[in-house]
Amino acid sequence: MSEDHRLQISFVVNGRPVDTEIEPHLLLLDLLRDKLALKGAKRSCDMQVCGACTVLVDGNPVSSCTYLAFEARGTDVTTIEGLADGEKLHPLMEAFIDNAGLQCGFCTPGMILAAKSLLDLNPRPSVEEVKEYMRGNLCRCTGYKKILESIEDAAQRMQG
Amino acid sequence: MLKPFQLHEPTTVEEAISVLGKFGDDASVYAGGTELLLAMKEGLLSYDHLVNIKAIPGLDVVDYDESTGVLTVGATATHRALEYSPLVGEKFSLISDVEHRVANVRVRNVGTLGGNLCFAEPHSDPGVFLLLYDAEVELVGSGGARKQSVEDFILGPYETTREPDELLTTIEVPRLPEGSRHAYIKFGYHERPSLGLGLVARVDNGTLADIRIAVGSVGPKPVRVRNAEERLRGASLADLFGNTQSSALLDEAGRMMAEAAEPVTDLHGSAEYKEHLLRVFLEEALEEATRG
Ligand SMILES: Cc1cc2nc3c(=O)[nH]c(=O)nc-3n(C[C@@H](O)[C@@H](O)[C@H](O)COP(=O)(O)OP(=O)(O)OC[C@H]3O[C@@H](n4cnc5c(N)ncnc54)[C@H](O)[C@@H]3O)c2cc1C
Ligand code: FES
Ligand code: FES
């Protein structure tokens, strides 16, 4: 298919408005990484299983590896790059650092964004609820215990 | 890698049908894309035209008619919408209970009920609860509109009665009889379920006054097991659990379930293993649905 099928889309990424022309088959992950230089979301399984490519669209998690970029038009997209407020880290980021919730870090952007969407929905989840919600985000390093502790700690910090 | 395609965004069902009719085999309906895009990335399916039916306003509406007791789910309603709908949670708690356990949060956020049914991947959950509710689908195509039970709609792996130019528009779900309780057992170690066993029971005066049983994922398609329902209906709870007689009754019902579900040997396990699981989980589900 040729240029005539290009779409003009606008949306907001991490608070910044974006206007761009894309082809319908472009995946959101490739738009973020290759066109917008936001490399936080990672491609790993490429089949919606691992969650390394997780970003938030209007606050809800999607697998950007299997999500067409045009679907983001008119939405508010959050990637890991948008979580810190200048130099000030998000409580989830601080909690992951303080509790050693990461080792290689490959899964971490997706973990933190999925956890953010959970805490926005349910600020005081039980351990079972955290496990259930985070089931689709895989980590090859930590064994998950430290990740659960990080999320619990972040939930407490966010209560203030 | 996804191959380029042309995107169509009809705003009415009629328009969608006419685009599908015009491009025939070169076109596909695209809803959440959680199945379709994976298959296209792998090169298993290839289309020059995708028809985004999410552009049709109102096709995702979930609505309940108090007077008929029927829940109407628009085809593009997502798993997540059903999982969190207060209406569904209150009046159709079997649906929210199962939807909460479908796939992962990201797939639930994007994947639709209509897409799940039309793809007819055997390792799926919704078919089972829809059979328990005696749900119907409505399809609209160039030949007009028709209704069909979900049971008759799904023919086998990746196969339904849907014509290429037909759109699944709504799923109609009647309420369960007053006083019913449910259990849904989802089992497996893979990404998709290896077994889904759903059961609806109504206990009256210590006997199983009514029961519905459906099984999915183990075989080619989800099935209701009416002869096992018949066999168990009227049994007293005392007869069902914990003695040799009850164990013979459950063995018999378990065999009927295996016969109806036609377990297949695949990556999820052997047919024999799945038959064994059916018997084990039947008892578990019965206990869950009949004991307070
Ligand atoms: C990692 C992973 C885990 C999963 N786990 C589970 C699970 O545990 N349980 C489960 O049940 N499912 C599971 N699924 C399957 C999940 O993709 C489906 O449940 C999902 O709902 C499909 O809907 P969709 O809108 O994304 O379909 P699409 O991919 O958009 O469409 C699927 C097919 O249906 C057709 N179609 C879609 N809508 C219509 C319509 N209204 N009318 C006519 N044709 C239509 C399309 O043309 C296409 O052929 C899983 C999927 C993934 C990727
Ligand atoms: S890379 Fe998208 S879910 Fe694994
Ligand atoms: S920290 Fe390495 S994959 Fe999670």
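What you are looking at is a predicted structure, and each value in this text was computed from that prediction instead of being measured.

**Observations concerning the domain arrangement of chain A**
All names here are of chain A.
Thought 1: Taken as a whole, chain A is organised into domain 1 (3-82) and domain 2 (91-159).
Thought 2: Measuring from the centre of the C-alpha atoms in domain 1 to the corresponding centre in domain 2 gives 22 Å.
Thought 3: Around 1,100 Å² of area is buried between domain 1 and domain 2 when both sides are counted, 71% of it from carbon and sulfur atoms.
Thought 4: Across the domain 1-domain 2 interface, the total number found is zero salt bridges.
Thought 5: Here the side of domain 1 that touches domain 2 gets three residues from one element, more than from any other, and that element is strand β3 (residues 54-57).
Thought 6: For the side of domain 1 that touches domain 2, the residue count by class is seven nonpolar, seven polar and two charged.

**Notes on the nonpolar core**
Thought 1: Residues F11(A) and L28(A) are the most contacted members of the largest nonpolar core, which totals 36 residues.
Thought 2: When residues of this core are traced back to their parent elements, those giving at least two are β1 (7-13), β2 (16-22), α1 (28-35) and β3 of chain A together with α2 (36-41) of chain B.
Thought 3: Filtering out sequence-adjacent residues up to four positions away, F11(A) remains in contact with R16(A), P17(A), V18(A), L31(A), L36(A), A72(A), R73(A), G74(A), T75(A) and V77(A).

**Quick notes on the site of ligand 1**
All names here are of chain B.
Thought 1: Near ligand 1 there are 36 residues, and of these V29, G33, T34, H79 and T112 occur at the shortest range.
Thought 2: Here ligand 1 loses 98% of its free accessible area of 970 Å² to cover by the protein chains.
Thought 3: The set of elements that each furnish at least two residues to the shell around ligand 1 consists of β2 (27-30), α2, α7 (113-119) and β10 (167-174).
Thought 4: Broken down by element, the residue count for the shell around ligand 1 peaks at five residues, all from α7.
Thought 5: Taken together, the residues of the shell around ligand 1 break down into 17 nonpolar, twelve polar and seven charged.

**Here we look at the side chain of S124(B)**
All names here are of chain B.
Thought 1: Within the secondary structure layout, S124 lies in the loop between α7 and α8 (126-132).
Thought 2: Looking at S124, the relative accessible area reads 13%, which means it is buried.
Thought 3: At 2.8 Å, the side chain of S124 forms a polar contact with the backbone oxygen of E121.
Thought 4: In contact with S124, not counting residues within four places along its chain, are N116, P193 and S217.

**Section: the interface of chain A and chain B**
Thought 1: Across the boundary between the two partners, chain A contributes 30 residues, which contact 30 residues of chain B.
Thought 2: The partner of R73(A) in a salt bridge is E9(B), and the shortest N-O contact between them spans 2.7 Å.
Thought 3: Between the two partners, chain A and chain B, sit 15 residue pairs in polar contact (both at pLDDT 80 or more).
Thought 4: Those elements that place two or more of their residues in the side of chain A that touches chain B are β4 (60-63) and α4 (127-133) of chain A.
Thought 5: At four residues, the largest contribution of residues to the side of chain A that touches chain B is made by β4(A).
Thought 6: Residues that form the side of chain A that touches chain B fall into these classes: 15 nonpolar, ten polar and five charged.

**Re the sheet that holds strand β1 (residues 6-8) of chain B**
All names here are of chain B.
Thought 1: With parallel pairing, three strands are arranged side by side in an open sheet as β1-β3-β2. In the strand order of this sheet, the two ends are held by β1 and β2, each with one partner. Sheet twist, expressed as the average angle between the axes of neighbouring strands with direction ignored, equals 25 degrees.

**Focus: helix α1 (residues 13-23) of chain B**
Because each turn of an α-helix spans 3.6 residues, side chains separated by three or four positions end up pointing in the same direction.
All names here are of chain B.
Thought 1: Within α1, the full set of buried residues consists of V13, A16, I17, V19 and L20. Buried residues of α1, seen end-on, are gathered within an arc of 160 degrees and therefore sit on one face of the element. Residues of α1 that are exposed and point over 90 degrees away from its buried face: E14 and K22.
Thought 2: Considering only its buried residues, α1 is in contact with β1, β2, β3 (49-52), β6 (136-141) and β10.
Thought 3: One or two residues past the end of α1 sits G24, with phi positive at roughly 50 degrees.

**Concerning the environment of T72(B)**
All names here are of chain B.
Thought 1: Looking at the secondary structure, you find T72 in strand β5 (residues 70-74).
Thought 2: Given the relative accessible area of 25%, T72 is considered partly exposed.
Thought 3: When the C-alpha atoms of T72 and E136 are compared, they prove to be 9.7 Å apart, with 64 residues separating the residues in sequence.
Thought 4: Setting aside anything within four residues of it in sequence, one finds T72 in contact with V61, V62, D63, T170, I171 and E172.

Cut-off values and rules
- Per chain, residue numbering runs from 1 following the sequence as it is written.
- Whichever chain is written first becomes A and whichever ligand is written first becomes 1, with later ones labelled in order.
- Residue-level local features of this predicted model are given only where pLDDT is at least 70; pairs of side-chain atoms are given and counted only at 80 or more, and the full residue set underlies all totals for whole chains, interfaces and linings.
- As a rule here, side-chain values come from all non-hydrogen atoms in the structure, and water together with hydrogens is ignored.
- For the domains described, the bounds stem from an automatic or database domain assignment.
- Summed over both partners, the accessible surface that disappears when two parts come together, traced with a 1.4 Å probe, is what is meant by buried area.
- Each salt bridge in this description consists of a side-chain nitrogen of Lys or Arg and a carboxyl oxygen of Asp or Glu lying within 4 Å of one another.
- Working definition: helices are DSSP H or I runs of at least four residues, strands are E runs of at least two. Numbering for both runs from the N terminus.
- In the scheme used here, Gly and all other residues not listed as nonpolar or charged are polar, with Ala, Val, Leu, Ile, Met, Phe, Trp, Tyr, Cys and Pro taken as nonpolar and Asp, Glu, Lys and Arg as charged.
- Grouping buried Ala, Val, Leu, Ile, Met, Phe, Trp, Tyr and Cys residues that are joined through side-chain atoms within 4.5 Å yields what is termed a nonpolar core.
- A 1.4 Å probe rolled over the protein chains alone gives each residue an accessible area, and that area as a share of the maximum for its type sets the label: buried under 20%, exposed over 50%, partly exposed in between.
- The contact definition used throughout considers only heavy atoms, calling two residues in contact when any of these lie within 4.5 Å.
- Whether a residue is near a molecule or strand depends on its heavy atoms: it is near if one of them lies within 4 Å of it.
- Residue exposure ignores everything except the shown protein chains as possible cover, and the areas themselves are Shrake-Rupley values with a 1.4 Å probe.
- N or O atoms closer than or at 3.5 Å make up a polar contact, with two conditions inside protein: a donor-capable atom paired with an acceptor-capable one, and, for residues adjacent in sequence, both atoms drawn from side chains.
- A pair of strands is treated as paired once DSSP finds two or more bridges between them.
- Interaxial angles span 0 to 180 degrees and are taken between N-to-C directions of axes, which are lines fitted to C-alpha atoms, for helices over the stretch in contact.
- Here the arc refers to the directions that run from the helix axis out to each C-beta atom.

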